[in-house]
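# Structure assessment
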Amino acid sequence: MEILTTVNDSPAFITVMTSGCAQRRVSGISHSVGNGAHPNKWNQEDDGLRTGRRRSRIPEKPNHTLSLWSVIKNCLGKELSKIPMPVNFNEPLSMLQRLTEDLEYSELLDMAAACRSSLDQLCYVAAFSASSYSTTANRTTKPFNPLLGETYELDRLEECGYRSICEQVSHHPPAAAHHVWSQRGWSLWQEITIDSKFCGKCISVTPRGTIHLQFHSSGNHYTWSKVTSTVHNIILGKLWIDQSGDIEIINHVTKESCQLKFSPYSYFSRDVSRKVSGVVMDSENVACFILSGTWDDKIDCTKIIGSSQAIGGQKTLYKTESPWQLWRKYPLPENAENMYYFSSLALTLNELEEGVGPTDSRLRPDQRLMEAGLWSEASAEKQRLEEKQRERRKRREGGVEGEVHWPLWFERRTDPFTGENSFVYKGGYWEAKSSQDWSMCPEIF
Ligand SMILES: CC(C)CCC[C@@H](C)[C@H]1CC[C@H]2[C@@H]3CC=C4C[C@@H](O)CC[C@]4(C)[C@H]3CC[C@]12C
């Protein structure tokens, strides 16, 4: 569908989102102008609770240049997780921490939860799904592949209203399960495996799995999946990442849906790069909102108030209200280019915290050494951990115990909407944390 916007009426409402959770040093405001028809209940009542208490720096990335090409040139067609790579190409975060970064713009979900209209809600959900790509353009480093049984918790109940837990539930193929519960009215869960391929000039990475989002009061249940990330300039030049593909978000309760398109970079096109565009449709497939913007800067939303067929019948002309900004990316922290291009949330993820489970990514020694810039020590430690993991596997499979690995905190369940059988949180982690009884945890580090 091609979209041509025409007449602009006066805006009925404007919602500007200028800041994240209270952890950010500069606190912002979320305000609305106009008739108040639009929900933006989210305001930062508890802003400042932990302001300044989390770290805003990590050691700078050492400048040990090593050619990626020289390491992977003989691995054509291989899965990325099967290519042995020194820590030089890593970032000091695990894939579990990286998945948790999807929550950077959790306030979009808080706002979605406060929407009275499910179509408005869908606009925010769509912006949220695109916001997980906001920091990917320059993040050309590889997260650590988690060890089987590794977990990662992020308890931001006080600051952002949510608690998140991830567990690496399978090693071959690598799979991670994730569950988030928010006291601001929503839960999100996903199980993800990653398909990747080195195809000579580029590496393409496609996460497989469905993301589920449910709002507690309305019961609205949304699902969608992820697009393909492509790492360019493998042979020569500076690495960069593009996102391409389609995301279909469905509200299974109301049958409303949104089609989001991530256009791939094209050398020949005059179009802006990193473009995202989409249409939000009601249960009869009538277009109600147009979304447009870029995944690394901002996304606007425009309400459709009428449509007509253009001459020739090829194009639909829409009469719309003025666009308003749904989402805007926060600026990267100072000196980010020397700190793996981490966002302010990413900088805090590997900070040591008391009381986390013994399998938590923060306690992984090779990652910690790598963060400190001690790369050869980190590489040696990484080998030790991987060897230890192989030993555990051998003992499990061949040995007297003859057991299979069962995730501790997740269990297989069939989803009523998608029919998929995947790992869903079974509870218990936060309870174990409060009693500090971790006796059931495997020793993985
Ligand atoms: C050797 C080097 C160049 C390879 C680097 C591969 C990197 C860039 C790949 C590997 C796994 C990928 C991630 C897999 C899953 C997700 C979750 C999604 O919600 C946002 C994108 C994100 C976070 C991807 C970003 C790009 C990524 C980090």
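Residues numbered from 1 in each chain as written. Predicted model: local features only at pLDDT ≥ 70, side-chain atom pairs only at ≥ 80, totals over all residues. Heavy atoms only, no water.

- As recorded by an unreviewed UniProt entry, the protein carries the name Oxysterol-binding protein and is attributed to Albula goreensis.
- Regarding the protein, the relevant UniProt record gives this comment under Sequence similarities (unreviewed entry): "Belongs to the OSBP family."
- In its Subcellular location (unreviewed entry) section, UniProt records this for the protein: "Membrane". (UniProt positions renumbered as here; feature names shortened; annotations may be inferred.)

## Points about the environment of Q436
- If you trace the backbone, Q436 turns up in the segment after α9 (429-435).
- Owing to a relative accessible area of 43%, Q436 belongs among the partly exposed residues under this scheme.
- For the pair Q436 and V356, spaced 80 residues apart in sequence, the C-alpha to C-alpha distance is 8.7 Å.
- In this structure the side chain of Q436 is engaged in a polar contact, spanning 3.0 Å, whose partner is the backbone oxygen of G355. (Helix = DSSP H or I, 4+ residues; strand = E, 2+ residues; numbered from the N terminus. Buried < 20%, exposed > 50% of the residue type's maximum accessible area, 1.4 Å probe, protein only. Polar contact = N/O pair within 3.5 Å; in protein donor to acceptor, adjacent residues only side chain to side chain.)

## Structural notes on the side chain of R364
- Residue position: R364 is located in the loop between α6 (344-349) and α7 (365-371).
- For R364, a relative accessible area of 1% puts it in the buried group.
- When sequence neighbours within four positions are dropped, the list of residues in contact with R364 reads F144, N145, P146, L147, E150, K382, L385 and F445. (Contact = heavy atoms within 4.5 Å.)

## Some words on the pattern of salt bridges
- Inspection of the entire model under this criterion finds 28 salt bridges.
- Residue R208 pairs with D195 through a salt bridge whose shortest N-O separation is 2.8 Å. Residue R208 is located in strand β10 (residues 203-208), and its partner D195 is located in strand β9 (residues 186-198); the two are separated by 13 residues in the primary sequence.
- Looking at D195, the relative accessible area reads 34%, which means it is partly exposed. (Salt bridge = Lys/Arg side-chain N within 4 Å of Asp/Glu carboxyl O.)

## Observations concerning the site of the ligand
- Around the ligand, a shell composed of 17 residues is seen, among which M95, R98, D102, K226 and I241 lie nearest.
- Within the side chain of D102, one N or O atom sits 2.8 Å away from an oxygen atom of the ligand.
- One of the side-chain N or O atoms of K226 is found 2.7 Å from an oxygen atom in the ligand.
- The fraction of the free accessible surface of the ligand (610 Å²) that becomes covered by protein chains is 98%.
- Sorting the residues of the shell around the ligand by element identifies α2 (95-100) and β10 as the ones contributing at least two each.
- Looking at side-chain class alone, the shell around the ligand contains 10 nonpolar, 3 polar and 4 charged residues. (Near = heavy atom within 4 Å. Areas by Shrake-Rupley, 256 points an atom, 1.4 Å probe, with all protein chains shown as cover. Nonpolar A, V, L, I, M, F, W, Y, C, P; charged D, E, K, R; others polar.)

## Describing the confidence of the model for the protein
- With 87% of its residues at a pLDDT of 70 or more, the protein shows a mean pLDDT of 87.
- A low-confidence stretch, residues 1-19 stays under pLDDT 50, and its non-local contacts, those more than four residues away or across chains, total 73 contacts.
- Across the interfaces of the predicted complex, the ipTM metric reaches 0.98, alongside a pTM of 0.89. (pLDDT = per-residue confidence, 0-100.)

## Section: helix α3 (residues 106-113)
- With respect to burial, α3 is a largely interior element, 7 of its 8 residues being buried.
- Within the span of α3, buried status applies to S106, E107, L108, L109, D110, M111 and A112.

## Here's the deal with unusual backbone geometry
- A cis geometry characterises the amide bond from H172 onward to P173, with omega recorded as -5°.
- Look at R274: it is not a glycine, yet its phi comes out positive at around 60°.
- Mapped onto the fold, R274 is located in the loop between β15 (257-262) and β16 (275-281).
- Positive phi, close to 50°, is recorded for Q436, a residue that is not glycine.

## Describing the packing of α3 against helix α4 (residues 118-131)
- Between α3 and α4, the shortest axis-to-axis distance is 8 Å and the interhelical angle comes to 170°. The angle between α3 and α4 falls in the class roughly antiparallel. Residues S106, L108, L109, M111, A112 and A113 of α3 form the contact with α4, whose participating residues are Q121, Y124, V125, A127, F128 and S131.
- Residues belonging to the contact of α3 with α4 are distributed by class as follows: 9 nonpolar, 3 polar and no charged. (Axes fitted to C-alpha atoms, helices over the stretch in contact; angles between N-to-C directions. Parallel < 35°, antiparallel > 145°, perpendicular 65-115°, else oblique.)

## Some words on the packing of aromatic side chains
- Taken as a whole, this structure holds 15 aromatic pairs when the rule is applied.
- Seen in terms of ring centroids, W69 and F198 are 6.2 Å apart; in terms of plane orientation they differ by 70°. Their pairing is edge-to-face. Taken together, the residues W69 in helix α1 (residues 68-72) and F198 in strand β9 connect sequence positions 129 residues apart.
- W69 gets classed as partly exposed once you look at its relative accessible area, which sits at 26%.
- When the centroid spacing of 6.2 Å and the interplanar angle of 75° are considered together, the rings of F289 and W324 count as edge-to-face. Highlighted residues: F289 in strand β17 (residues 287-294) and W324 in strand β20 (residues 324-328), separated in sequence by 35 residues.
- Among the aromatic residues, ring-to-ring pairing joins W409, Y429, W430 and W438 into one connected group. (Phe/Tyr/Trp six-rings, centres within 6.5 Å; stacked < 30°, edge-to-face > 60°.)

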